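Observations on the model geometry
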Amino acid sequence: MARIDINQNIKINEIEGKEIVNICPFDAIEYKDGKLDINSACKMCKICTKQKPEIFTFIEGEQNEIDKSLWNGVVVYVEHTYGNIHPVTLELLGKAKELADKIGHEVLCLFAGYNIKEAAEELLHFGADKVFVYDNKELEDYRIEPYAAVFEDFINNNSPSVILVGGTTIGRSLAPRVAARFSTGLTADCTSLDIEENTDLIQIRPAFGGNIMAKIKTPNNRPQFATVRYKIFSAIDRVEEGKGQIVYCDIPVELLASNISILDRKEKPKAKYIEDSDVLVVAGNGVKKEEDLAMIKELADKLGGMVASTRPLIEAGWTDPKSQIGLSGRTVKPKLIITCGVSGSVQFIAGMKNSEQIIAINTDPKAPIFNVANYSVIGDIYEIVPQLIEKLDAMDKVNVLGGGIA
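I will try to describe carefully the structure that is included in this document.

Some remarks on the nonpolar core
- Ranked by internal contacts, the top residues of the largest apolar core, which has 34 residues, are Leu93, Cys109, Phe111, Val131, Leu164 and Leu193.
- Contributing elements (two or more residues each) for this core: strand 5 (74–77), helix 3 (87–103), strand 8 (107–113), helix 4 (117–123), strand 9 (130–135), strand 10 (162–166), strand 12 (192–195) and strand 15 (224–228).
- Here this core gets seven residues from one element, more than from any other, and that element is helix 3.
- Excluding anything up to four places from it in sequence, cysteine 109 contacts Val76, Val78, Leu93, Leu123, Ala128, Lys130, Val131 and Phe132.
- Counting 27 residues, the second-largest nonpolar core is a separate cluster that includes Tyr134, Ile144, Ile163 and Ala175.

Shown next, in the form of structure tokens:
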């Protein structure tokens, strides 16, 4: 780990000490009893090393030398609710198989829970070469301490190279905790993944407010962790015959202790979210007034869909935050999506680019949304949306099939 070293052989009086302390804009330099010290506020900006090189020296961190050949397998963490596997798992299995084929590794699944043996068998029909099952009464309900202990035990015993976790509420709490235990890197909310011949995972995600796409690697640590949101990748198809292997794992029960007690379970009422809808009509910055959202909703209703929106409308208080599409909102993959006055930021496009049919309406012919649209309409939504509604009203029957209108 990089650090700033201080030459304590140089004698510094109190006046000089106070001057040196003022060099740091983060108040990281301290002077006490004739000695200088650096506290935890240090940001490694190296201003002190430039202004007082005779006193401060920047020491590069030592990089770990690892034998990458000892780390094998692309792992998918199986998220589930009492044995009902979350669809993001099947999407990650498809990507895991693609990555594993490139480097000649196996696709592994880590499945922890209680009474999950039957569900584990089903994973063999979705490309898993091996499913490692931790079936224990203590794992019936998700609690982070025992699940992290299982994850740690699995890694210690199998040394996987890559681990993919769904970017869900559970995945976002579990993956960082386990990655920290192994002092390894984790890239959250990846929008694309690839892998090099030397097994370095290429993790791509928007950065700096979506202005650039960052390409991140963890070349000196293993395992490599990445979380991916639901509906970023396509789910792998089920095959009739599963050829993989189920591996049942034991773990000392004392490692499954938890400070959390489950007092009761209540099923959350099923809410309809935009990611569940086959048709979405998206309101963007081209909507001038809150009242004008009525025409967007009317179009969505006639298509049997839902209204979604972009971040500016959320911040204006015009739409519900649950309707936001993008990396700071929700990721969707409907059969049909119509964007109305949406320019198409990197963040937004990352949240909807996998939609089957994309129709974009915008007055700017250079709007980025047109780069991903199947059909581009250059024009004013205040003219085009009412015309669409009139056309639908005139039709004897509106039938939304396969992402189109027939």
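After that view of the structure, there is still more to cover.
Comments concerning the state of the cysteines
- Going through the model one piece at a time under the given rule, you end up with zero disulfides.
- Cysteine cysteine 42 remains unbridged, with the sulfur of cysteine 48 as its closest cysteine sulfur at 6.5 Å.
- In this model cysteine 48 remains outside any disulfide bridge; the closest cysteine sulfur is found in cysteine 45, 6.4 Å from its own.
- By relative accessible area, cysteine 48 is classed as buried at 10%.

Comments concerning the side chain of threonine 187
- Relative to the elements of secondary structure, threonine 187 occurs in strand 11 (residues 186–190).
- Setting aside residues up to four positions removed in sequence, threonine 187 forms contacts with Gln203, Arg205, Ile216, Phe225, Ala226 and Thr227.

Focus on the sheet that holds strand 12
- Strand order in the open sheet made by the three strands is 12-13-14, with antiparallel pairing throughout. Two strands lie at the open edges of the sheet, namely strand 12 and strand 14 (212–216), each paired on one side alone. Recorded for the sheet is a direction-independent mean angle of 25° between the axes of neighbouring strands.
- For strand 12 and strand 13 (residues 201–207), the ladder comprises four bridges, and the chain directions are antiparallel.

Rules and cut-offs
- Residues numbered from 1 in each chain as written.
- Predicted model: local features only at pLDDT ≥ 70, side-chain atom pairs only at ≥ 80, totals over all residues.
- Heavy atoms only, no water.
- Core = buried A, V, L, I, M, F, W, Y, C linked by side-chain atoms within 4.5 Å.
- Buried < 20%, exposed > 50% of the residue type's maximum accessible area, 1.4 Å probe, protein only.
- Helix = DSSP H or I, 4+ residues; strand = E, 2+ residues; numbered from the N terminus.
- Contact = heavy atoms within 4.5 Å.
- Disulfide = S-S within 2.5 Å.
- Pairing = 2+ DSSP bridges.
- Axes fitted to C-alpha atoms, helices over the stretch in contact; angles between N-to-C directions.

Such coordinate-based values are descriptive only and should not be taken to indicate function.
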